[in-house]
Amino acid sequence: MQIFKCIAISACICFYAINKLPAQQIPFDTYTPKDGLVNNRIKKIVQDSKGQLYFLTYGGLSIYDGARFANFTKAEGLGSDIVNDVMEMGNDSVWIATNTRELNYIFKGVLKKINTADGFYPIINSFCRINRSTLYIAADEGLYRFSGNRFIKVPLLKNGSPTNYDFINSIIPVKDYLLVITDPITGENKGRVFLYSIKENKIVADIGGLSCFSFVDIENNIWLCTADGIKIIDKLELQNGKIIFKTLPKKYMALAGKKTSLLFFDSQKNLWMPQEDGLLKIDSTGAIQKITTDNGLANNKISNLFEDREGLLWFITENFGVQKLVNSSIELIIKPFGNKVDAIAVTASGDSVFYYDVSAKKIILQASGGFKIFSLANTADDIYFITVSGSNIYLNGGRHIYQFSTTQLNTSKINPALVYTDTLESKMSVGIADANGVVTVLGASYLTSIIGKKSVYRHRIKYYADEAALDSKGHIWIASRASELYMLKTNPADAGNYLQLVKDFSREAKLNAPRSIIIDKENNIWVGTREEGVYCFKLNEKFQLELLKHITKKEGLTENFITWLYCDKGGVLWLGTSSGIDKIIWNNGNCIINNVTKSANIYPFIIRIAEDNKNNILAITQDGNLLKIGAAQKTVSPFVPQFFITTIKAGNNYFSVADAVHQFTYKENNIVFKIASPCFYDEKQIRYSYILGGSENNNWSEPVHNAEINFINLPAGKYDLKIRADYPAVKYPPKIIGYSFIINPPWWQTWWFRLMIGLLSAGMLGLVIRNYYSIKLEKQKNILEKQQIVEKERTRIAADIHDDLGAGLSTIRFLSEKVKRNSFGAVTKDDAEKIVINSNELVQKMNELIWAMNEKNDTLEDLVFYTRSYAAEYLEENNLAHHIYLPETIRVIIISGELRRNVFLTVKESLHNIVKHAGAKNVSIQISTGKNLFINIKDDGVGFDADNNKAGNGLKNMQKRMQSINGRLTVSGNDGVEVKIDVPLSQG
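Worth saying up front: this structure is predicted, and the values here are computed from it rather than measured.

### Considerations on the nonpolar core
So, point 1. One finds Phe-55, Trp-314, Val-322, Ile-671, Phe-673 and Phe-741 to be the most contacted residues of the largest nonpolar core, which totals 43 residues.
So, point 2. For Val-322, the contacting residues outside a window of four places in its chain are Asp-29, Thr-30, Tyr-31, Leu-37, Ile-42, Ile-45, Phe-55, Trp-314, Phe-315 and Ile-316.
So, point 3. Within the second largest apolar cluster, 37 residues are counted, among which are Ile-895, Ile-925, Ile-965 and Val-983.

Below, the structure is given as structure tokens:
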């Protein structure tokens with residue numbers, strides 16, 4: 001490009017070295033006793049096969065599993081609070097060497113003491129395990145081998161004579177040899193390095209007076225920090241039994257005379273070297289960076305370094321705990337180039353980056369090799385935005401748009417040309433260069449397109465837009481603060497109508513306060529908002545906007561205020577927020593969210609994001625600082641974190657996790673599971689959830705950061721617990737572990753006890769039921785006997801009445817008829833007539849009474865037919881037409897004499913009222929039987945007002961009769977009189 005040609009041929013440009021830039025803020029996480037560490041003074045760090053970290057301190061041992069620290073000191077049974085070394089000896093078994101004549105081990109979380117066969121223990125400085133069966137010990141008393149449960153001193157013969165090499169500090173195994181290094185400070189032979197042959201049982205090479213510490217790099221080179229400077233032992237010669245130093249690699253030649261107590265190579269081949277005033281980092285290219293308290297170190301004195309299996313670096317400070325560097329590729333540069341930066345623009349190729357400092361009115365150009373600062377002249381107002389289009393650079397921010405060419409970069413001062421002024425705009429913001437080389441600047445009221453040197457086109461919008469985006473077809477997308485979402489196309493053939501609206505998607509999108517927009521590689525439209533996170537849309541076949549995803553803090557974003565959106569060359573989406581940067585990897589509708597700055601404990605307000613040609617992400621913060629996220633240097637780590645249960649507490653007891661299915665008593669139904677997944681990439685953001693099979697809830701619990709699961713008052717039963725770990729930024733796939741357990745019921749809830757209680761209850765219930773029915777049968781028998789006695793008495797009385805009173809009444813009636821016939825007087829004849837009538841009535845009533853009392857008539861059928869016979873005869877005597885309807889079948893049921901009598905007398909009274917008061921001509925009687933006896937009597941007489949009827953006691957008596965047998969009487973007087981009798985037969 002022309003810009004780079006200009007830079008190359010310009011002899012006046014003087015680029016400054018990158019390493020002279022101001023200090024960079026490096027994201028460290030610090031761990032001290034406040035976080036659970038046992039002591040601030042740490043000697044070294046060791047990691048076991050589960051991934052747990054062991055912090056060996058001067059005040060005890062801390063084991064960190066990512067969820068909690070487990071601390072052991074002399075008070076818990078440790079031999080000494082000074083821990084020299086630890087070594088994993090088996091599954092969940094770790095040996096601990098303290099600075100005393102004692103040896104401890106931890107098995108399944110329990111601290112114990114190792115008892116040797118002879119009771120002897122050297123003061124162990126470090127372990128060296130050659131294979132599963134061979135263990136060497138570096139001790140104050142010399143070199144030892146552990147065999148047969150005892151420490152056996154290894155005789156160190158040199159030229160056939162014994163030596164007195166004590167205070168051995170470390171052992172490095174090399175093929176058939178041991179490279180042994182003594183303490184550089186303590187002992188008679190301090191600072192000695194010798195090579196011991198395991199096969200020959202003697203020292204084959206020996207160098208003294210070096211005052212050295214050692215380090216083995218990832219290529220198995222052995223580096224020594226000596227009083228004469230840094231040296232490397234030739235590993236090929238070492239395998240042949242010789243200690244020969246070789247020349248340092250060319251890129252490290254500057255270190256040849258450097259004195260240091262420590263060297264450390266990380267997996268990216270960066271060399272770290274502590275100094276008195278900080279820490280030097282030398283990368284694989286030889287570039288040197290100095291890290292001090294200005295960059296974020298807690299202390300400039302670093303005593304040791306450690307890299308865990310995830311590639312995270314741990315810096316052990318002197319008396320200030322330990323600091324973890326999660327992401328060494330993140331740098332927060334305070335006042336880069338000595339200036340604040342308020343705007344950024346990158347050329348199409350990414351080779352050059354333009355920054356702008358508003359307060360100083362300076363443009364900074366950064367290219368390969370360094371940077372140059374230019375003063376800016378003749379600008380009327382502040383510049384906040386830079387847009388690059390080919391060889392032209394546009395500046396804007398207020399009401400003016402300026403432009404200058406790359407040809408002006410051969411001077412130290414740039415005098416940009418004013419190309420447009422808009423007095424109606426309050427503030428013009430960011431610009432976007434389209435495929436035609438036209439720059440369109442966003443404003444509060446217009447989109448202003450700069451076409452050529454003179455032509456300007458303005459497109460009206462409702463309100464301020466913060467960002468614009470181009471899709472693969474060259475369309476410009478605008479999301480304004482007025483919740484507008486537009487697609488526009490360019491018309492290079494018509495400068496007077498350059499921007500044309502394709503479609504307004506505002507109603508379809510339903511956005512609230514959009515702030516940013518970008519189009520990704522798949523032409524998905526991403527819109528960031530002020531308070532609702534980010535939306536992802538796509539255009540379907542019908543040219544309609546379809547929502548694919550809505551992502552907020554709930555789904556894992558650092559913040560819902562999305563200030564800027566950027567899609568890098570690899571299709572990864574970068575979200576600038578009010579609290580840092582998030583990264584989204586979008587793949588077929590699935591998104592992986594990475595809280596980039598949050599994981600590094602950095603929370604800047606991001607205003608712009610760009611990318612250079614080295615795939616570094618460059619972001620400008622609201623404070624004018626530069627956040628640089630380096631391109632990933634590492635390959636995908638093969639590390640997969642383990643996930644396990646650390647502790648089970650049921651009631652007041654602790655249990656082993658090794659049991660396949662553990663059984664707890666009913667008193668141990670309050671259970672606490674402590675879990676851990678030793679992953680130290682933002683380990684506090686690991687989320688845990690569970691599902692307890694066998695309980696009422698069969699859904700996964702809400703994911704939480706608490707690595708402890710509590711169950712209270714679990715009922716007896718069998719349970720299958722599944723626990724899930726979700727890692728931050730989906731760095732690792734979720735892991736699920738399971739654990740089955742049984743809570744036994746108390747003895748009174750066991751099956752045999754329940755069976756016994758059931759059988760006993762059934763027996764007792766049987767006795768109760770038998771006794772109940774016996775009593776009931778006895779009562780029924782007594783009632784039946786009494787009823788039989790009553791019925792017999794009724795029958796006898798009825799027979800006596802029939803025989804005695806009936807005969808007497810019949811005689812009276814006969815004599816009365818005779819007197820009537822033989823009487824010649826009118827008075828006598830009338831009296832005889834009355835006697836005859838009364839006698840007939842008495843005979844009739846007596847017959848009714850006898851019928852009611854006779855137990856032989858206690859059937860429903862007798863009642864129905866007797867009532868029909870009486871009604872027909874009575875109505876015929878009174879010359880009333882009648883219709884009587886009987887049911888086709890009549891239930892065979894015994895009814896009481898009381899029921900028969902009250903039903904019959906009620907019917908009789910109803911018929912009497914019809915004859916006496918109704919003046920009717922026709923009477924209808926309908927009888928039906930079921931569970932109840934229904935009798936409906938209806939006439940066509942004059943009727944009466946049933947609600948206001950005050951005549952006689954007949955109706956009241958009828959009601960009382962029905963109530964006495966739990967029946968119901970309904971009388972209505974509209975259009976004749978209708979009497980309804982409803983009697984439950986079950987009462988009979």
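### Concerning the sheet that holds strand 48 (residues 485-490)
So, point 1. Taking strand neighbours across the sheet as the criterion, the four strands line up as 46-47-48-49 in an open arrangement whose pairing is antiparallel. Each of the sheet's edge strands pairs with one partner strand only, and the pair in question is strand 46 (465-470) and strand 49 (499-504). With strand direction ignored, the average angle separating the axes of adjacent strands in the sheet is 30°.
So, point 2. Relative to strand 47 (residues 476-480), strand 46 runs antiparallel, the two being bridged by four bridges. Paired with Leu-470 across the bridge in strand 47 is Ile-476.

### Focus: the confidence of the model for the chain
So, point 1. Averaged over all residues, the pLDDT of the chain is 85; the fraction at 70 or higher stands at 88%.
So, point 2. Low pLDDT, under 50, characterises residues 1-22; the stretch is placed with 45 contacts to residues that sit more than four places away or in other chains.

### Details of the packing of aromatic side chains
So, point 1. Taken as a whole and assessed by the stated rule, the structure comprises 46 aromatic pairs.
So, point 2. Taking the centre distance of 5.2 Å and the plane angle of 85° together, the rings of Tyr-690 and Phe-711 count as edge-to-face. Here Tyr-690 is found in strand 65 (residues 687-693), whereas its partner Phe-711 is found in strand 66 (residues 708-711), with 21 residues between them in sequence.
So, point 3. Its relative accessible area of 7% is what places Phe-711 among the buried residues.
So, point 4. The rings of Phe-655, Phe-664, Phe-673, Tyr-690, Phe-711, Tyr-719, Tyr-739 and Phe-741 are connected pair by pair, giving a single aromatic cluster.
So, point 5. Directly above the ring of Phe-644 sits Lys-50, whose terminal nitrogen or CZ lies 4.6 Å from the centroid.
So, point 6. Residue placement shows Arg-460 over the ring face of Tyr-446; its charged tip is 5.0 Å from the ring centre.

### As for the pattern of salt bridges
Side chains that differ in charge, positive against negative, can pair when their charged atoms come close.
So, point 1. With the rule as written, the count across this model stands at 18 salt bridges.
So, point 2. Across the pair Glu-141 and Arg-101 runs a salt bridge whose closest N-O atoms are separated by 2.5 Å. One end of the pair, Glu-141, is in the loop between strand 12 (135-139) and strand 13 (142-147); the other, Arg-101, is in the loop between strand 8 (93-98) and strand 9 (103-107), and 40 residues separate them in sequence.
So, point 3. By relative accessible area, which is 46% here, Arg-101 ends up partly exposed.
So, point 4. The shortest N-O distance in the salt bridge between Asp-206 and Arg-192 comes to 2.9 Å. With Asp-206 in strand 20 (residues 202-207) and Arg-192 in the loop between strand 18 (177-182) and strand 19 (193-197), this residue pair connects regions lying 14 residues apart in the sequence.

Reading the values: rules and limits
- Residues numbered from 1 in each chain as written.
- Predicted model: local features only at pLDDT ≥ 70, side-chain atom pairs only at ≥ 80, totals over all residues.
- Heavy atoms only, no water.
- Core = buried A, V, L, I, M, F, W, Y, C linked by side-chain atoms within 4.5 Å.
- Buried < 20%, exposed > 50% of the residue type's maximum accessible area, 1.4 Å probe, protein only.
- Contact = heavy atoms within 4.5 Å.
- Pairing = 2+ DSSP bridges.
- Helix = DSSP H or I, 4+ residues; strand = E, 2+ residues; numbered from the N terminus.
- Axes fitted to C-alpha atoms, helices over the stretch in contact; angles between N-to-C directions.
- pLDDT = per-residue confidence, 0-100.
- Phe/Tyr/Trp six-rings, centres within 6.5 Å; stacked < 30°, edge-to-face > 60°.
- Lys NZ or Arg CZ within 6 Å of the ring centre and 35° of its normal.
- Salt bridge = Lys/Arg side-chain N within 4 Å of Asp/Glu carboxyl O.

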